[in-house]
Amino acid sequence: MTTDTSSSWVIATRESRLALWQAHHVQALLRSRTSRPVELLGMTTRGDQILDRTLSKVGGKGLFVKELEVALEEGRAHLAVHSLKDVPMDLPPGFVLAAILEREDPRDAFVSARHASLADLPEAARVGTSSLRRMVQLRALRPDLRIEPLRGNLDTRLRKLDEGQYDAIVLAAAGLKRLGLGARIRCVFDVDEMIPAAGQGALGIEVRTEQTELRELLTGLNHEPTWLAAHAERAVSRALGGSCSMPLAAHAVWSGARLVLNVALGAADERPTVLRARVEAEVRDLLAAEALGLEAAAQLRAQGAEQLLPAH
């Protein structure tokens, strides 16, 4: 696709069905707020191409982001739409998250053709996920299960389940719902038994720092409660040196003006240890949100988190 970037706002996006849904969603929101055309630039990332290894072994979820950032840097696009849980905790110099949209369902979904829930699975059933965070929490809930790698986009993962390669798979509920596949969900995990990933269910919009006009436009899309909650969640991971090789869960919910943050940290190997912490505080700005995340990280460290963190 050739696009005149001088007259249009151009959104860089991955080309999976879910990523395109997300980009079209932001495109529609922007079109309602500006007279400039808003176009899409579809791209295939390294994360989409490498399907035979888990993300933690090939560079992490940032592989879904890098090519989009290059398009922004080269001026081929002006903004990139990401699933926030895929966005590295520290952006490269010159890039910024300009907005975080209101969160969809943040929970993990249990998907199976024959079984209604995790408890219904027979002993040694095969459960597919390549998320270390999910692996750790699944093992804590059902140590007898065989947790096996599952890569590919959403449709590919569902196809592998339907072909009988797994007895069940675990996916983000938000992606299924956004694509009209909510009927595939047999049940959702309560956030207390399977704490979501930082930012799960939310969309983040990344731009170049210098794009002041666009950043001002995008403030109208920002959902402040999600913005603050997500920054608290992401602060935990950043404080612990967060990467895809660290099985960290962090999820914040509002209780009035107070933000309640639940976190869990497991071991990247198959040790059964899972550390948990819960902190809360009145949060009215970004500084307070990030301070809450730092407090949660400190509690994990006090419990021995250093013994679980991957070597750097």
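Cut-offs applied
Residues numbered from 1 in each chain as written. Predicted model: local features only at pLDDT ≥ 70, side-chain atom pairs only at ≥ 80, totals over all residues. Heavy atoms only, no water. Pairing = 2+ DSSP bridges. Helix = DSSP H or I, 4+ residues; strand = E, 2+ residues; numbered from the N terminus. Axes fitted to C-alpha atoms, helices over the stretch in contact; angles between N-to-C directions. Core = buried A, V, L, I, M, F, W, Y, C linked by side-chain atoms within 4.5 Å. Buried < 20%, exposed > 50% of the residue type's maximum accessible area, 1.4 Å probe, protein only. Contact = heavy atoms within 4.5 Å. Salt bridge = Lys/Arg side-chain N within 4 Å of Asp/Glu carboxyl O. Phe/Tyr/Trp six-rings, centres within 6.5 Å; stacked < 30°, edge-to-face > 60°. Lys NZ or Arg CZ within 6 Å of the ring centre and 35° of its normal.

**Student:** Teacher, can you tell me more about the sheet that holds strand β4 (residues 95-100) here?
**Tutor:** Adjacent strands of a sheet pair through backbone hydrogen bonds, lying either parallel or antiparallel. One open sheet accounts for five strands, arranged β2-β1-β3-β10-β4; its pairing is mixed. Pairing within the sheet leaves two strands with one partner each, and these edge strands are β2 (38-43) and β4. Recorded for the sheet is a direction-independent mean angle of 30° between the axes of neighbouring strands. For strand β1 (residues 9-14) and β2, the ladder comprises six bridges, and the chain directions are parallel. Residue pairing across strands places W9 opposite V38, the latter belonging to β2.

**Student:** How do you make sense of the nonpolar core when you look at a structure like this?
**Tutor:** Across soluble globular proteins, nonpolar side chains show a tendency to be buried alongside one another. Core analysis: the biggest nonpolar cluster contains 35 residues, and V236, L240, L261, V263, L265 and L300 have the highest contact counts within it. Among the secondary structure elements, those contributing two or more residues to this core are β4, α9 (224-239), β11 (248-255), β12 (258-266), β13 (274-282) and α10 (286-302). In terms of residue count, α9 provides more of this core than any other element does, six residues in total. In contact with L261, not counting residues within four places along its chain, are A232, E233, V236, A250, H251, A252, A277, R278, V279, L292, G293 and A296.

**Student:** Would you mind going over the pattern of salt bridges with me for this structure?
**Tutor:** Opposite charge on two side chains allows them to pair when their charged atoms are near. One pass over the full model with this rule turns up 20 salt bridges. E210 is the partner of R208 in a salt bridge, and the nearest nitrogen-oxygen pair spans 3.8 Å. Residue R208 is classed as buried on the basis of its relative accessible area of 15%. Look at E210 and you get exposed, because its relative accessible area is 61%. One salt bridge connects E282 with R284, and the closest N-O pair in it is separated by 2.8 Å. The exposure class of R284 is exposed, given its relative accessible area of 61%. In this structure, a network of salt bridges that share partners links the residues R14, K85 and D86.

**Student:** What is the right way to read the packing of aromatic side chains from this model?
**Tutor:** Remark: the centre distance and the inter-plane angle together describe each pair of aromatic rings, the angle taken between the planes. Going through the model one piece at a time under the given rule, you end up with one aromatic pair. Ring plane angle 80° and centroid distance 6.4 Å describe the contact between F110 and F189, whose orientation is recorded as edge-to-face. Of the two residues, F110 sits in strand β5 (residues 108-111) while F189 sits in the loop between β9 (187-188) and β10 (203-208), which places them 79 residues apart along the sequence. The residues F110 and F189 share a single accessibility class, namely buried. Sitting over the ring of W9, R36 keeps its end group 3.7 Å from the ring centre. Residue placement shows R208 over the ring face of F95; its charged tip is 4.8 Å from the ring centre.

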